[in-house]
Each structure stands twice: as structure tokens, then as C-alpha cells.
Amino acid sequence: MADRYLHLTGTAPGRFLTRRLGLPQPAPLRRWTLETPRLEGPLLHLTAGASAVTGVAEVLSRSGLPVVGDTDRPAAIVLDATGVTTAAGLGDVHAALHPVVRSLAPGGRIVVLGTVPSPDDHHQAAAQQALEGFVRSLGKETGRGSTVQLVRIPVGGAAQAAESTLRFLLSPRSAYVSGQVIELTTATATPGPAADPAAPLTGRTALVTGAARGIGAAVASVLARDGARVIVLDVPGAREELERTADRLGATALPLDITAPDAADRIAAAVPDGLGVLVHNAGITRDRRLANMPADRWASVIEVNLDSVLRTTDELLKAGVIARGGRIVATASIAGIAGNTGQTNYAASKAGIIGLVRSLGPRAAADHGVTVNAVAPGFIETKMTAAVPLFIREAGRRMNSLSQGGLPVDVAEAVAWFAQPDSTAVNGQVLRVCGQSLLGA
Ligand code: NAD
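Here is what the cut-offs are and how they apply
- Residues numbered from 1 in each chain as written.
- Predicted model: local features only at pLDDT ≥ 70, side-chain atom pairs only at ≥ 80, totals over all residues.
- Heavy atoms only, no water.
- Domains from an automatic or database assignment.
- Contact = heavy atoms within 4.5 Å.
- Buried area = accessible area lost by both parts, 1.4 Å probe.
- Salt bridge = Lys/Arg side-chain N within 4 Å of Asp/Glu carboxyl O.
- Helix = DSSP H or I, 4+ residues; strand = E, 2+ residues; numbered from the N terminus.
- Nonpolar A, V, L, I, M, F, W, Y, C, P; charged D, E, K, R; others polar.
- Patch = residues over 30% accessible without salt bridge, like charges linked within 9 Å, V, L, I, M, F, W, Y side chains within 5 Å.
- Areas by Shrake-Rupley, 256 points an atom, 1.4 Å probe, with all protein chains shown as cover.
- Axes fitted to C-alpha atoms, helices over the stretch in contact; angles between N-to-C directions.
- Parallel < 35°, antiparallel > 145°, perpendicular 65-115°, else oblique.
- Left-handed = near helix turned anticlockwise from the far one by under 90°.
- Pairing = 2+ DSSP bridges.
- Buried < 20%, exposed > 50% of the residue type's maximum accessible area, 1.4 Å probe, protein only.
- Arc of directions from axis to C-beta.
- Near = heavy atom within 4 Å.
- Polar contact = N/O pair within 3.5 Å; in protein donor to acceptor, adjacent residues only side chain to side chain.

Caption draft 1: Representation of the domain arrangement of the protein chain in the model. Taken domain by domain, the protein chain consists of domain 1 (37-183) and domain 2 (205-433). Computed over C-alpha atoms only, the centres of domain 1 and domain 2 are separated by 29 Å. Counting residues at the interface gives 18 residues for domain 1, matched by 23 residues for domain 2. Considering only the side of domain 1, the residues that lose the most area to domain 2 are Phe 168, Arg 173 and Tyr 176, jointly responsible for 41% of the buried surface there. Summed over the shared surface of domain 1 and domain 2, the result is three salt bridges. The partner of Asp 422 in a salt bridge is Arg 167, and the shortest N-O contact between them spans 3.0 Å. Secondary structure elements with two or more residues in the side of domain 1 that touches domain 2: helix H5 (122-141), helix H6 (163-169) and strand E6 (180-183). A total of five residues in the side of domain 1 that touches domain 2 trace back to one element, the largest contributor, which is H6. For the side of domain 1 that touches domain 2, the class distribution of residues is seven nonpolar, six polar and five charged.

Written out as C-alpha cells, the structure is:
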């Protein structure tokens, strides 16, 4: 459904009127296109104190943006704050960003590099945790479609672990991601083969559930763009729409209810050479307040959104169908973080996904060489949200730092980042794709 308010504020009279009324001013977001694959402008590399990780400059030099130490109009700013270990050291963060933050180009990116707060050093932990509050606040201040994130690199680690993450965050692909904290692991999963930058998923098979339409179809499209052979799965009742989506993307359609007891076997049979990327996207809502919710509405949501995800994941991992270097990406929701009236079943299922990802991630990496992550979409413009009553829909759209809803492609780009062969150090993470929603923040 079109966001008419966004169009209105894109016109001169609309902008004048909404400013006078003190209403939100959403900036049109610049997303990835073939013609504009990168941010336009230089990347300003700053350091607060001494860096505690190696190779930051080298990784930034491969970002595709010209790296400079000084400029009056950066498209992106990377502040290396990995060496900040004391409260006094936070002054270096202020000193580095205060003079330049105003000059960031519209639609610009700020990424702060930090390290994991230490359980053994409360001064280091305080200083590094402080960066989280800093980043989340700055994300609410920058405006004009700009985003701000914190990426934690393991202490003493190499910035190379952050390469795919920086490539994503410093590009138009992360347009609707802001105020996020990403904690990288010491990479224990099997690294993938060196990738063709234009088609990094070449040679990999990706299966996306619930892919006839909406977010799932967008995920399938972006994974196909990145070179994957794609299988789109949806319920047999959606066969026609599924086949149309498959034809459009050059994908293979697999009509299958993911809750079927033999779903994992049917998936395994469809991928004789194994699966490189498994995206659990299928999801349903059956909203009612708990007092009015019959057991069947509770059970169907838990079954589709959580139990079938647990079951198929376990069975496909156990059978070795998901190859070493493989990626599992599940779909949570900010409802699973913030909770939502009428959605005890849905929020429970989506919070369950977060529990699954955090617990299984490290073990799947150690035992199978596979990473497990989740996206947690906020308000995304799909059929699901078009059905929301007007007032709640408008509130959902505006109650975030970017003052607009996201598009299915925004979630898809995040899934594609998790799926990258060099995202090995990204594991057990839940990335909110929500424009820094106020809900659950
Ligand atoms: P959608 O309803 O447009 O698409 C969901 C798809 O899943 C449909 O094609 C449906 O047929 C399929 N599906 C449902 N049950 C299935 C089953 N048993 N087996 C196979 N396929 C099944 O929804 P969407 O908005 O594109 O959402 C996709 C995912 O993102 C869901 O998990 C949803 O909970 C989550 N999400 C969406 C939003 C949003 O704002 N749209 C926000 C947070 C989370």
C-alpha cells in the first residue's frame, strides 16, 4: 500500500505544511539499484584513541568508497572506538564525531567499531557498553535518511571479520537498518569459497519458505540477484502465485506446507546437491487477546512460525543437507521483542525464533560449519500490514527514526548479508530491520 504521506512530504507545499505543523519529515531512502550500487561520496575514517583491532584501514579500502581522513561532505563515517576502555576515553568519541556529524551527506552512514564488553574488566565493559547508548541516540538525531550502527569485533581480533558487515552497512542495501548493534564472533564456522563480488552466491542453492509473495518473494529475488539457484516454497493453496514468482525469478517452485511431517524429507529430495542457504520466512498471524484466543489459533501460529522451523532445521542439519559453510536465516519480528496487544501467540513464536538463533548459532557453527541468524522486521509494507487498521498503520509507519515503513527488499538485503560466504563471523545475531522503531528499543 502506497505511503501517501511520504509522497506529500516529497513535494514543496507538502514539506512546507508538514514542517509548520511539526509533523515527521521522512526522507526518501536510497536503496540499491544496478545503476547506484554504492553511496555517493567519500568515507571518513576516524579513530578514538588507539585501535585495538588490526586491519581496519585495509578493510575500508575495499569498501568501494574513497577513504579519506578529512572531508567536508562524507557519505559515510567509520569511527574506530575499539580502543576505548575507560569513561574518560569516551571523550575521544565526542571529539572525533562532534565536529563532523553535521556534515554527513543525506542518506549517509555512521558505523562505530567497538569490541565486546568484557566480563573481567568493568571499566572496559562500561566504556564499550556506553557506545551502544551513544549509537542508539545518534541514530535518533541524524535524520535525512541517515543511519548509525555499532559493530563489535572480538577483542584482539582482525577487522577482516567485519568485512561483509561493513560492506552491507556502508551501502544502500542497509537503507532501513538503524540503531543496531552487531556482535561478531571469532569465526568458527567454515569460511565459504572466495566469491565473485557481483554474484557472491554463485554455486549455492537457496531455499526460501513462504516465498510466493511479500517478504519471501523479495528475499528470493535478492538471493537470485546475488547468483544463488533459488527454490521458492509455499503452501499448495498458493501454487499459482508461487509459480508466477518462480517464473519471474528463474527459480524452482516447491508447493509444500512447511508444517507437513515429511517437510524436511521433501526439501532434502528437492536439493540432491545440498542446500547452501535456508531462509525460514513463512509466517502467519491469528490475532486475538489471550482471553479470547481459542487453542487452535494459538497452536497454528506456534506450529507455522516456530515449531516447523525448529523441526526442519534439526532434521536438515542432522541429515547433512545443509552444507558446511551454509547459512540458516530465520524470521523474527519486533513484536517478539516489544510484544503487541492481541499477539501473544505471534510474539511468543517470534521471540522463540530469537531463542533458537542465539542457542543454536554457536553449536551449528562448531558441529556443522553453519551460521544461524535472524532478521526481525519492523513495519514492512506488505499485504500483512496493508490489512492493519488505518490509524495503527500510520502509527507503525511513523514511529521510527526514519519516519516511514520499510519495503520487503530491505529485509531481503539483510538476509542476503547473512547469506554471504564471508559472513562467517556473523552468527547468533538478530538484526532488526525496522528503521530504529521506538517499539522494543
Ligand atoms: P505474507 O503473509 O505476505 O507472506 C507469508 C507467506 O508465507 C505467504 O505466502 C503464505 O502462504 C506463506 N505461508 C504461510 N504458512 C505457510 C506454511 N505452513 N507453509 C509454507 N508457507 C506458508 O507475510 P509477509 O509480510 O511477507 O511476512 C513474511 C515473514 O515476515 C513472516 O514470518 C512474518 O511474520 C514476518 N514479519 C513481517 C512483518 C511485516 O511488517 N510485514 C513484520 C515482522 C515480521
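On we go from here.
Caption draft 2: A look at the environment of Asp 92. With respect to the secondary-structure elements, Asp 92 resides in helix H4 (residues 90-97). In this structure, Asp 92 is in contact with Ala 48 and Gly 49, ignoring residues within four places of it in sequence.

Caption draft 3: Here's a closer look at a nonpolar patch on the surface. Taken together, the side chains of Phe 16, Leu 17, Leu 21 and Leu 23 make up a nonpolar region of the molecular surface, amounting to roughly 410 Å² of accessible area. Relative to the helices and strands, Leu 21 resides in the loop between helix H2 (12-20) and strand E1 (43-47).

Caption draft 4: Molecular detail of the packing of helix H7 (residues 214-225) against helix H8 (residues 239-249). Between H7 and H8, the shortest axis-to-axis distance is 10 Å and the interhelical angle comes to 20°. The angle between H7 and H8 falls in the class roughly parallel. Considering the relative orientation of H7 and H8, their crossing is right-handed. Note on element contacts: H8 touches H7 through Thr 245, Arg 248 and Leu 249, opposite Ala 217, Ala 220, Ser 221 and Ala 224. The class makeup of the residues in the contact of H7 with H8 is four nonpolar, two polar and one charged.

Caption draft 5: Region of the structure containing the sheet that holds strand E7 (residues 205-209). What the seven strands build is an open sheet, ordered E9-E8-E7-E10-E11-E12-E13; its pairing is parallel. In this open sheet, the two strands that pair with only one neighbour each are strand E9 (252-255) and strand E13 (430-433). When strand polarity is set aside, the average angle formed by the axes of neighbouring strands in this sheet is 20°. Here E7 runs beside strand E10 (residues 275-280); their pairing, made up of three bridges, is parallel. When the sheet's bridge partners are listed, Leu 207 is paired in E10 with Leu 278.

Caption draft 6: Quick look at helix H9 (residues 263-270). Restricting attention to buried positions, one finds in H9 the residues Ala 263, Ala 264 and Ile 267. Seen along its axis, H9 keeps its buried residues to an arc of 95°; they face one direction. Exposed positions of H9 whose direction lies more than 90 degrees from the buried face are Asp 265 and Ala 269.

Caption draft 7: Examining the sheet that holds E1 more closely. Taken in spatial order, the six strands line up as E2-E1-E3-E4-E5-E6 in an open sheet, and their pairing is parallel. The open sheet has two edge strands with one neighbour each: strand E2 (67-68) and E6. Of the pairings in the sheet, the one linking strand E5 (residues 147-153) to E6 comprises four bridges and is parallel in character. Residue Arg 152 lies in a different strand from E6, and its bridge partner there is Glu 183. Its contacts with the sheet put H5 on strand E4 (109-115), E5 and E6, and the angle it makes with E5 is roughly 160°.

Caption draft 8: Geometry of the site of the ligand. Residues in close proximity to the ligand total 28 residues, the closest being Arg 213, Asp 234, Asp 257, Asn 281 and Tyr 346. Between the ligand and Asp 257 there is a distance of 2.8 Å, counted from a nitrogen atom to a side-chain nitrogen or oxygen. Tyr 346 is positioned such that a nitrogen or oxygen atom in its side chain is 2.5 Å from an oxygen atom of the ligand. Protein contact buries 93% of the 830 Å² of open area that the ligand shows by itself. The set of elements that each furnish at least two residues to the shell around the ligand consists of H7, strand E8 (229-234), helix H12 (344-368) and helix H13 (383-386).

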